[in-house]
Structure formats: structure tokens, C-alpha cells
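The chain contents come next:
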Amino acid sequence: MTEDRPLRVLGIEGTAWAASAAIYETRDPSVGSADEHVAIESRAYEPSSGGLHPREAAEHMREAIPAVVDWALDHARERAEKESLPGDAERSAPIDAVDASTSPRPQAPVDAVAFSRGPGLGPCLRITGTAARALAQRLGVPLVGVNHMLAHLEIGRHRAGFSDPIGLNASGANAHVLGYRNGKYRVLGETMDTGVGNAIDKFAREVGWSHPGGPTVEAHARDGEYVELPYVVKGMDFSFAGLSSAAQAAVADHPVEDVCRGLEETIFAMLTEVAERALALTGRDELVVGGGVANNARLQGMLEAMAAHRDADLYIPEPRFLSDNAGMIAVLGAKQFAAGDTLAIDESAVDSNYRPDAVPVTWRADPPRERGSDLVQGAEATVTIEGDRVVKERVPRAYRHPDLDRRLRAERTRQEARLLADARRAGVPTPVVRDVEPRAGRLVVQRVGESDLDRVMTTDRAARMGRLLAGLHDAGIAHGDPTVRNARVCGDGTLVLIDFGLGYYSDHPEDLAMDLHVFARSLAGTTDAPDRYRAAAERAYLGAGGARAVLDRVGAITGRGRYQGG
Ligand SMILES: C[C@@H](O)[C@H](NC(=O)OP(=O)(O)OC[C@H]1O[C@@H](n2cnc3c(N)ncnc32)[C@H](O)[C@@H]1O)C(=O)O
Ligand SMILES: Nc1ncnc2c1ncn2[C@@H]1O[C@H](COP(=O)(O)OP(=O)(O)OP(=O)(O)O)[C@@H](O)[C@H]1O
Ligand SMILES: [Fe+2]
């Protein structure tokens, strides 16, 4: 902003439970700071019983949105009156003499109105959208449509001053890990079923606790002993459905405090693990977190321990920016407004399934891309090269409960050794296993290849990867994590598959399809021509026995990340 008066943006949030409005005032929305001005007013909807009822929530929005917006406008007017404006002639110009796109806020207290366009509950979104449109028109200022999920992460990037972090969204209706690349935020991993907050809230409701259950579960977990529950991570995707039902069943045999502890330990270890995998895959060293569940002290502690372990910078926004709030909408709205990313009223429809990776990112530049050092720091193991051997050690993870940690390290080491050998016998190139000590989490294998695939990706190599997966699947093995970092390229161009730690035996199309999905995801997160590589791999994969059925499932998985409210 070059003018001497600041930019002031009104944000409105109303996707599910929080009716919220905020005023963000700044001289430069590309630079955040801890003392910048963000004023937020929110009214929470409390369900009469059970979980969120969309109709009731919409009724709440109808009542509360006008009230919080009035509060925010009053606040903006007070701020505007305090501005010293020597010679600010345009402020008093009549509205119709000024082109709102070049010189906004002729008389209005704000320069733009930003609103949550989705994802969220349809009836709530429509009320919020209508309010935002009416207000922008009445004030004669532009309207900005904000993706709620990106707002959850951009507020952290903004306040931290990070340039290119990985983002972990831990909210009620969602759970995903995002990384920016070439104009879009790419989904690196996400829940295969419910949102993380919903999974916890559902368990809490079954136990008879009121909504939202997250804070109640947290309070009980503090006095609990860990109990084992299903831990499901596939590549960088994860699942909570089986976990929720197992936790409900476990209440019959264990004190509820213990089940709460098991639930938290398991769910948050899954989220921390995928966040770490995303950092390792993309070679980044900054992490931001967003969403209501990120209020949880145990999740925060796990992420802190993980980040410290790998020397990454972690930023957790203050609580008022974690749970749904209009402050994050106003801040991202201001960035979009400054980039000219505004909406025509007749193109401003809300979208209850608005995916974060569907948003063209107008407000930030591409960072310089380099993969730092050659030091090998996998997501879960330390890999040491000793001559023609590679020693892979699954070192204990301090963020995990010791019982869960022991179990995962031993299981994965044992399974990896078995699958490497079986794949090899089936004709799929893998390193020869020299030694395995599951309890120590230690595996010694033959050193293979000259480079990881991500560094030397070509269409031909993508096709080779497709053929290797076809061979593996014909042998009844799902790799579990076939990213571009888990294939090695030899001098003659052939590929060798490594890292079977998440692999398992299966011939279900859904499981096998996950492999192709994980590979495609990793292409989008690390290369510049993901669609071409993906097409080449899938074409080559057609050589596999049940290829058609598997490829059909891949399509279904890719389209799966829908908003699941309530
Ligand atoms: C689309 C939008 O409407 C939705 N918003 C949303 O879910 O509200 P949010 O404020 O981000 O998160 C609410 C969730 O956050 C959980 N939560 C709040 N405090 C918690 C705590 N201390 N521990 C665990 N969960 C907590 C609640 O139980 C609830 O499930 C979303 O972002 O997915
Ligand atoms: N047999 C091998 N020969 C040569 N290099 C290897 C071998 N095994 C592993 N590496 C190198 O070490 C890196 C990490 O190994 P691996 O993927 O097995 O560990 P990880 O911790 O499970 O990693 P991630 O979970 O991030 O994929 C590989 O990307 C590769 O560069
Ligand atoms: Fe949210």
C-alpha cells in the first residue's frame, strides 16, 4: 500500500458453527506481524442436542451474522475516524464519482468485504454469502471469496512470516496436509473418511458428552492410560472411521479416560506422521497448523517434538486464529484483494465442497525451489550408507506413546524385510535384505541405484514405475508408499523400489489403487508435469491383471475428498 491510509478489510465467517466478523487493518497484507490489527467478534452455535444440525446452524447464522457484522462495521468506523487524513480528498468524493476497483472505500469504512465461500454446510454458507454480497453492494466495495481451508493455513504462514511451509489442517470437518507448488496448494495427504474433529466429537457423543467433544476428550485423556487402537496411514492418507468405532467398543472394557488417551495418542500420531512425511517428501523445513483440533495440547506437543527432531520450524497460531474465526478470512481476503482477486456478484455462488486445491493462488509468488543438501533424512528412519550396504534404522519417535512407537517400529521393520524379499522373488527389483532386527527397528539392505526418482523424473521413468507397480500388484503386494522418493534410478535407467515399511499383502482393487494414487500425489507435490507422468504410469500399468478395475478405483479415490459436515 502506497497511500498513507491503511487497507481495511471486513471478513465474514459462517461455514458451520461460528458466526464471526472481523476487521483486519494493514499497510501491507503480504507482511504479517504479532501486533498488527485484527479485531474479531464471534458467536458460537451450541446444538440443542447431538451434533451440528444444518438447519439449526443456519438459523444461528441468520440471527448472529447481522449482529457480528454490525459490531465489525462500528469498529471499522471508529478506526476510520481516528485516521489522520490530511489532504485525503477522495474519501469525501461521492460514491459514483469513484471507480471502486481502483480507488475503493470512497466513504465506506472498509475497502473490501471478504467471506468464507466454502467448504461448509450449504444452508450456513448461503446465509453468509447473501449477507456478504448485500454488504459489499451497500458499501460500494469489492467482494472477495475466500476458501475456508486455505484461510486456516494462510493465517499461520502470514503470522509466522514463513515463505513456503507445509500446512497441516486439523479441523472439525477436514484433515489434510497441503504444500504449495506452481500456483496451487496441492493436497499431499488427507483423511480417507471423516474429519479429525468429527471423529473425536462422534466418540464423545457416543459416550454422552455434549458437542463439541474435543476439549472434553482432551481433559479426560490427561488422566488416562494408553490403550491400543487401529492406526491407519496409507502413504500420506489416513483413516479415522475404524478408529472411532473401535474406541466406542473399547469403552465396554476400559475406563473412558484410558480410551480418550488411546484415541488422542493414535489420531495425533497419525497426523504428526503424515506431516513429517510431507516435510520429508518435499524437502521443506517449515510447518504451520490450523483448525480447531490444533488447540489440543497433546497434538501441539507431538508436532513440536517432531519438528525439533528434524530441525524444522513449527508455527502454531494463537487460539483465536485456530478455531473457525473471521480474522483468518479478513487476512486472506486482504491478500486476495491486494492481488486484484475479487468476485463479481453474479459469480459469487458458495460451494459446500470447495476444495483447497481448486483455488488458483493469486496472492503469493513461487518460491525459489531447491532441494537443499544431500543428507538423507527419511520421514521415519535414519538411513546410513556403509559401502555397498544401507542401514535403515527406525529411531524411536519421542512424540509417540512408547507402546505405540515400539509396535510401529517393529511391525514395519519386520514387514518391510518380508515384502522386499517377496517382491524380489516375484521379479520386481528391490534391494537384497542382508539383516533384520525388528525390535531394534534395524534393517540392513543392499545399496541400489544412483539417484532418487524425483531428481531425474522423465516420462519414460514414470512408465517404468507403472510397470513395476503392475508387477508388484500381480504378486499380491501393495507397496503402501510408492512416492517419487521411494524408487531409485540405476545407471542404465532401470528402477528399483525401496521403502516397503507401509506395505502389505492385498489383491483388493481399492488397496492397489491407493498405490497409484500415492504416486500421483507425490508427482503433484514434487514435479512440474504431474499429469503427463501420471498418464504415462497409468498407461504402463495396464499390463497388470486387474488393471482396469484398479484404475477405476483410482478415479474414485481422487474425487473422494468431499466436505463432510456435522
Ligand atoms: C468447514 C468448516 O466449517 C470446518 N470448521 C470446523 O470444523 O471448525 P473448527 O473450529 O476448525 O474445528 C472444530 C473442531 O475442533 C475441535 N476441537 C476444539 N478444541 C479442541 C481440543 N482442545 N482438542 C481436540 N479437538 C478440539 C472440536 O471438537 C471440533 O471438532 C472445517 O474447517 O473443517
Ligand atoms: N537400498 C538403498 N540404496 C540406496 N539408497 C537408499 C536405499 N534405501 C534408502 N536409500 C536412500 O534413503 C532414503 C530414505 O530411505 P527410505 O525411503 O527407505 O526411508 P524412510 O525414512 O522410510 O523414508 P520415507 O518414509 O521418507 O520414504 C531414500 O529416499 C534413498 O535416497
Ligand atoms: Fe474450520
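Residues numbered from 1 in each chain as written. Chains lettered and ligands numbered in written order. Predicted model: local features only at pLDDT ≥ 70, side-chain atom pairs only at ≥ 80, totals over all residues. Heavy atoms only, no water.

1. Quick look at the site of ligand 1
And step 1. Near ligand 1, the surroundings consist of 25 residues, among which Thr15, Ser171, Asn174, Asp201 and Glu218 are the closest.
And step 2. A distance of 2.9 Å separates an oxygen atom of ligand 1 from a polar backbone atom of Gly292.
And step 3. Residue Asp324 places a side-chain N or O atom 2.8 Å away from a nitrogen atom belonging to ligand 1.
And step 4. Here ligand 1, which alone exposes 680 Å², has 93% of that area covered by the protein.
And step 5. When the residues that make up the shell around ligand 1 are grouped by side-chain class, the tally is 9 nonpolar, 13 polar and 3 charged.
And step 6. Counting residues domain by domain, the shell around ligand 1 receives three or more from each of domain 1 (7-154 + 323-358) and domain 2 (157-320). (Near = heavy atom within 4 Å. Polar contact = N/O pair within 3.5 Å; in protein donor to acceptor, adjacent residues only side chain to side chain. Areas by Shrake-Rupley, 256 points an atom, 1.4 Å probe, with all protein chains shown as cover. Nonpolar A, V, L, I, M, F, W, Y, C, P; charged D, E, K, R; others polar. Domains from an automatic or database assignment.)

2. Considerations on the nonpolar core
And step 1. Formed by 99 residues in total, the largest nonpolar core has its most connected members in Val196, Phe240, Leu271 and Tyr541.
And step 2. In this structure, this core is formed jointly by two domains, domain 2 (157-320) and domain 3 (382-558), each of which donates at least three residues.
And step 3. Not counting the four nearest positions on each side in its chain, Leu271 is found in contact with Leu168, Ala170, Ala175, Val196, Phe238, Phe240 and Leu299. (Core = buried A, V, L, I, M, F, W, Y, C linked by side-chain atoms within 4.5 Å. Buried < 20%, exposed > 50% of the residue type's maximum accessible area, 1.4 Å probe, protein only. Contact = heavy atoms within 4.5 Å.)

3. Quick notes on unusual backbone geometry
And step 1. In this model, Gly118 is joined to Pro119 through a cis peptide bond whose omega is 0 degrees.
And step 2. Of note, Pro119 is situated in the loop between strand 4 (112-118) and helix 2 (122-139).
And step 3. In this structure, the amide linkage connecting His211 to the following residue, Pro212, adopts the cis form with an omega of -5 degrees.
And step 4. One non-glycine residue with positive phi stands out, namely Asp311, at about 60 degrees.
And step 5. Tracing the sequence through the fold places Asp311 in the loop between helix 8 (297-309) and strand 12 (313-315).
And step 6. Given the relative accessible area of 68%, Asp311 is considered exposed. (Helix = DSSP H or I, 4+ residues; strand = E, 2+ residues; numbered from the N terminus.)

4. Thoughts on the UniProt feature "domain: Gcp-like" (unreviewed entry) in the protein
And step 1. Within the UniProt annotation, "domain: Gcp-like" (unreviewed entry) is assigned to residues 110-330.
And step 2. The straight-line gap between the two end C-alpha atoms of residues 110-330 is 11 Å; of that span, 48% is helix and 19% is strand. (UniProt positions renumbered as here; feature names shortened; annotations may be inferred.)

5. Observations concerning the sheet that holds strand 17 (residues 451-452)
Neighbouring strands of a sheet are bound in pairs by backbone hydrogen bonds; such pairs are parallel or else antiparallel.
And step 1. Across the sheet, which stays open at both edges, the 3 strands sit in the order 17-19-20 with antiparallel pairing between neighbours. Each of the sheet's edge strands pairs with one partner strand only, and the pair in question is strand 17 and strand 20 (495-497).
And step 2. Helix-sheet contacts for helix 11 (residues 459-474) involve strand 19 (487-489) and strand 20, and the interaxial angle to strand 20 is about 45 degrees. (Pairing = 2+ DSSP bridges. Axes fitted to C-alpha atoms, helices over the stretch in contact; angles between N-to-C directions.)

6. Digging into the packing of helix 11 against helix 13 (residues 530-541)
And step 1. With their axes 7 Å apart at the nearest point, helix 11 and helix 13 run at an angle of 40 degrees to one another. In this view, helix 11 runs oblique relative to helix 13, as classed from their interaxial angle. Helix-helix and strand crossings are classified by hand; for helix 11 and helix 13 the assignment is right-handed. Between helix 11, through Thr459, Ala462, Ala463, Gly466, Arg467, Leu469, Ala470 and His473, and helix 13, the contact on the second element is made entirely by Arg532, Tyr533, Ala536, Ala537, Ala540 and Tyr541.
And step 2. Taken together, the residues of the contact of helix 11 with helix 13 sort by class into 9 nonpolar, 3 polar and 2 charged. (Parallel < 35°, antiparallel > 145°, perpendicular 65-115°, else oblique. Left-handed = near helix turned anticlockwise from the far one by under 90°.)

7. A short note on the pairing of strand 1 (residues 7-13)
And step 1. By the criterion of burial, strand 1 is predominantly enclosed, with 7 of the 7 residues buried.
And step 2. Of the two faces of strand 1, the one lined by Leu7, Val9, Gly11 and Glu13 and the one lined by Arg8, Leu10 and Ile12 are each fully buried.
And step 3. In this structure, strand 1 lies alongside strand 2 (residues 18-26), joined through 7 bridges in antiparallel fashion. Directly across from Arg8, in strand 2, lies its bridge partner Glu25.

8. A look at the site of ligand 2
And step 1. Taken together, the neighbourhood of ligand 2 is formed by 20 residues, with Ala379, Lys392, Asp452, Asn486 and Asp499 sitting nearest.
And step 2. The separation between an oxygen atom of ligand 2 and a polar main-chain atom of Ala381 is 2.8 Å.
And step 3. Measuring from an oxygen atom of ligand 2, one finds a side-chain N or O atom of Asn486 at 2.8 Å.
And step 4. Going through the elements one at a time, strand 14 (389-393) and strand 16 (442-446) are the ones with two or more residues in the shell around ligand 2.

9. Side note on the packing of aromatic side chains
And step 1. Under the defined criterion, the tally for this structure stands at 2 aromatic pairs.
And step 2. Taken together, a centroid distance of 5.5 Å and an interplanar angle of 70 degrees make the contact between Tyr180 and Tyr185 edge-to-face.
And step 3. Assessed through its relative accessible area of 2%, Tyr180 is described here as buried.
And step 4. Ring centres 5.5 Å apart and planes at 55 degrees place the aromatic pair Phe238 and Phe240 in the tilted group.
And step 5. Arg117 extends its terminal NZ or CZ atom over the ring of Tyr354, reaching a point 5.9 Å from the ring centre.
And step 6. Above the face of the Tyr180 ring, Arg364 is positioned so that its terminal group lies 3.9 Å from the ring centre. (Phe/Tyr/Trp six-rings, centres within 6.5 Å; stacked < 30°, edge-to-face > 60°. Lys NZ or Arg CZ within 6 Å of the ring centre and 35° of its normal.)

10. Some details on the domain arrangement of the protein
And step 1. Examined at the domain level, the protein breaks down into domain 1 (7-154 + 323-358), domain 2 (157-320) and domain 3 (382-558).
And step 2. A C-alpha centroid distance of 45 Å is found between domain 1 and domain 3.

11. Focus on the pattern of salt bridges
And step 1. What the rule picks out here adds up to 42 salt bridges.
And step 2. The partner of Glu273 in a salt bridge is Arg277, and the shortest N-O contact between them spans 2.9 Å. Taken together, the residues span about one helical turn, with Glu273 and Arg277 both in helix 7 (residues 256-282) at a distance of 4 residues.
And step 3. Assessed through its relative accessible area of 3%, Glu273 is described here as buried.
And step 4. A salt bridge links Asp403 to Arg406; the shortest N-O distance between them is 2.9 Å. Here Arg406 and Asp403 lie together in helix 10 (residues 402-425), a separation of 3 residues that amounts to about one turn.
And step 5. Three or more residues are tied together by salt bridges with common partners; here these are Glu190, Asp237, Arg355, Asp357 and Arg521. (Salt bridge = Lys/Arg side-chain N within 4 Å of Asp/Glu carboxyl O.)

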